[in-house]
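If you want the building blocks of each chain, they are given just below.
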Amino acid sequence: MSLNRRKFLFLTSLSVFGVAIFSKLLRSQTPEVTNISPTNTDNLASDKADALIQPVEGPPLLRFVSVADTGTGAVGQYAVAAAMTRYHQLNPYDLVILAGDNIYNNGEMEKIGAVFEKPYQGLLQQGVKFQACLGNHDIRTGNGDDQVRYPGFNMSGRYYTFRRGDVQFFALDTNHNADWKAQLPWLEEELSRSNAPWKVVFGHHQIYSSGQYGLNQPFIKTLTPLFQKYRVQVYINGHEHNYERTRPIDGTTYLICGGGAGTRPVGRSKWTATAAERLSFAAYEVYRDRILISGIDTNNQVFDKGIIPLQAT
């Protein structure tokens, strides 16, 4: 065997061995959440789409923010609340989507002052309205019924809908004991009846995620076909204690805003546009033809910017 032939085989064996070691290390550090279904992979929007949209002019039709996994009453929550208040001073808004785990650890309403009324006092005094849904920690006491009745959370039920101008919002109960036999037909009926140009669904649990919990296969099977059929442009959730924005998957952008009080590591997947382990919230500016999304941290820094264009019907 020639010297060059021996060198080639030796280097090849090293390359294969190195790739195997690297893959093993990568799997040990990153959740195995890259097995997106072929249908969704085919309909994954390009990263380049944002750059093709012309700048907007004039004020937005609606500005709102979202945050989740907030209810600790600890330093992290107050830091995010302060950033939300600062953003409100510069860019006034009157709506917050509160995507669950509103009261840690067990949904005890006696903590409502420390975990809601005090941290968001400045926003509440300015008339900002919070629209909440229930997280898994919220249902540990009385199945969350007291939170549903609490006026500050503005919940007309465990699942409900409301409209702000061109945007219709749909709040879901995504918990393990949710009444899906009633909720799923309700969601389809409300989505089918809506003539709002923009449809935003929010619930506590993730659907597409590169964090601790990864893909939610049951929701991919039951919810995402409805999102595609009725042109839901955004799904907002918490549960994962990080920030992650996907590129549109079958027309829907999935936005995790669970860094409202604490954080956990997050990886990246083939659908990820931005992922960050940061105390943060998300801000949205709605125009007639697009929604601008910003990820904002406790240093008042915008670390993510994304655009959702309104698709032609």
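- As recorded in an unreviewed UniProt entry, the chain goes by Putative phosphohydrolase and comes from Allocoleopsis franciscana PCC 7113.

1. Remarks on the sheet that holds strand β13 (residues 302-309)
Okay, step 1: Across the sheet, which stays open at both edges, the six strands sit in the order β3-β2-β1-β11-β12-β13 with mixed pairing between neighbours. Two strands in the sheet have a free side with no partner beyond their single neighbour: β3 (129-132) and β13. Averaged over all neighbouring strand pairs, the angle between strand axes comes to 20°, with direction disregarded.
Okay, step 2: By the bridge criterion, seven bridges tie strand β11 (residues 280-286) to strand β12 (residues 290-297) in an arrangement that is antiparallel. Across the sheet, residue A283 finds its bridge partner in β12, namely S294.
Okay, step 3: Along the sheet, helix α3 (residues 75-90) makes contact with β1 (62-67), β2 (95-98), β11 and β12, crossing β11 at roughly 25°.

2. Looking at the sheet that holds strand β4 (residues 160-164)
Okay, step 1: In spatial order, the strands read β4-β5-β6-β7-β9-β8-β10; together these seven strands make up an open sheet with mixed pairing. Strands with a single pairing partner mark the edges of an open sheet, and in this sheet they are β4 and β10 (272-276). Between one strand and the next, the sheet's axes are offset by a mean angle of 15°, whatever the strand orientation.
Okay, step 2: Taken strand by strand, helix α7 (residues 180-193) contacts β4, β5 (167-171) and β6 (198-202), and its axis lies near 175° from that of β5.

3. Some remarks on the packing of aromatic side chains
Okay, step 1: Counting across every chain of the model gives 21 aromatic pairs.
Okay, step 2: With a centroid separation of 5.9 Å and 65° between ring planes, the pair formed by Y87 and F281 is classed as edge-to-face. Linking Y87 in helix α3 with F281 in strand β11, this pair joins segments that are 194 residues apart in sequence. Each member of the pair, Y87 together with F281, is buried.
Okay, step 3: One aromatic cluster is present, formed by F64, Y160, F162, F169, F202 and Y284 through successive ring pairs.

4. Thoughts on α3
One full turn of an α-helix is made of 3.6 residues, so residues set three or four places apart face in the same direction.
Okay, step 1: Between the first and last C-alpha of α3 there are 23 Å, a value that for 16 residues agrees with the 22 Å anticipated at 1.5 Å per step.
Okay, step 2: The secondary structure elements touched by the buried residues of α3 are β1, β2, α4 (112-117), α5 (121-125), β11 and β12.

5. Structural notes on the pattern of salt bridges
Okay, step 1: The final tally for this structure, using the stated rule, is 12 salt bridges.
Okay, step 2: The salt bridge involving R245 is made with D304; its shortest N-O contact spans 2.9 Å. Taken together, the positions of R245 in strand β8 (residues 243-246) and D304 in strand β13 put the pair 59 residues apart, joining distant regions of the chain.
Okay, step 3: Put simply, R278 and D297 hold a salt bridge, and the shortest N to O gap is 2.7 Å. Here D297 lies in strand β12 and R278 lies in the loop between β10 and β11, a separation of 19 residues in the sequence.
Okay, step 4: For R278, a relative accessible area of 35% corresponds to the partly exposed category.
Okay, step 5: Where salt bridges share partners, they join D145, R158 and D173 into one cluster.

6. Quick word on the pairing of β6
Okay, step 1: Where burial is concerned, most of β6 is hidden: five out of the five residues are buried.
Okay, step 2: Across the two faces of β6 the burial is the same, with W198, V200 and F202 and K199 and V201 all buried.
Okay, step 3: Pairing of β5 with β6 involves five bridges; the strand directions are parallel. Each residue of the ladder has a partner; that of A171, found in β6, is F202.
Okay, step 4: Taking the sense of rotation as the criterion, the β-α-β connection linking β5, α7 and β6 turns out right-handed.
Okay, step 5: As judged from the three bridges shared by β6 and strand β7 (residues 234-237), these two strands associate in the parallel manner. Opposite V201, over in β7, you have Y235 as the bridge partner.

7. Re unusual backbone geometry
Note on backbone geometry: most residues besides glycine have negative phi, and most peptide bonds are trans.
Okay, step 1: Cis geometry is found at the peptide bond from Y104 to N105, where omega equals 0°.
Okay, step 2: Note on placement: N105 falls in the loop between β2 and α4.
Okay, step 3: Residue D101 is not a glycine yet carries a positive backbone phi of 55°.
Okay, step 4: Following the sequence through the fold, D101 ends up in the loop between β2 and α4.
Okay, step 5: Located in the positive-phi region is D250, a residue other than glycine, with phi close to 50°.
Okay, step 6: Looking at where D250 falls in the secondary structure, it is placed in the loop between β8 and β9 (253-257).

Scoring rules and cut-offs
Residues numbered from 1 in each chain as written. Predicted model: local features only at pLDDT ≥ 70, side-chain atom pairs only at ≥ 80, totals over all residues. Heavy atoms only, no water. Pairing = 2+ DSSP bridges. Helix = DSSP H or I, 4+ residues; strand = E, 2+ residues; numbered from the N terminus. Axes fitted to C-alpha atoms, helices over the stretch in contact; angles between N-to-C directions. Contact = heavy atoms within 4.5 Å. Phe/Tyr/Trp six-rings, centres within 6.5 Å; stacked < 30°, edge-to-face > 60°. Buried < 20%, exposed > 50% of the residue type's maximum accessible area, 1.4 Å probe, protein only. Expected span 1.5 Å × (residues − 1). Salt bridge = Lys/Arg side-chain N within 4 Å of Asp/Glu carboxyl O. Right-handed = clockwise from strand over helix to strand, strands pointing away.

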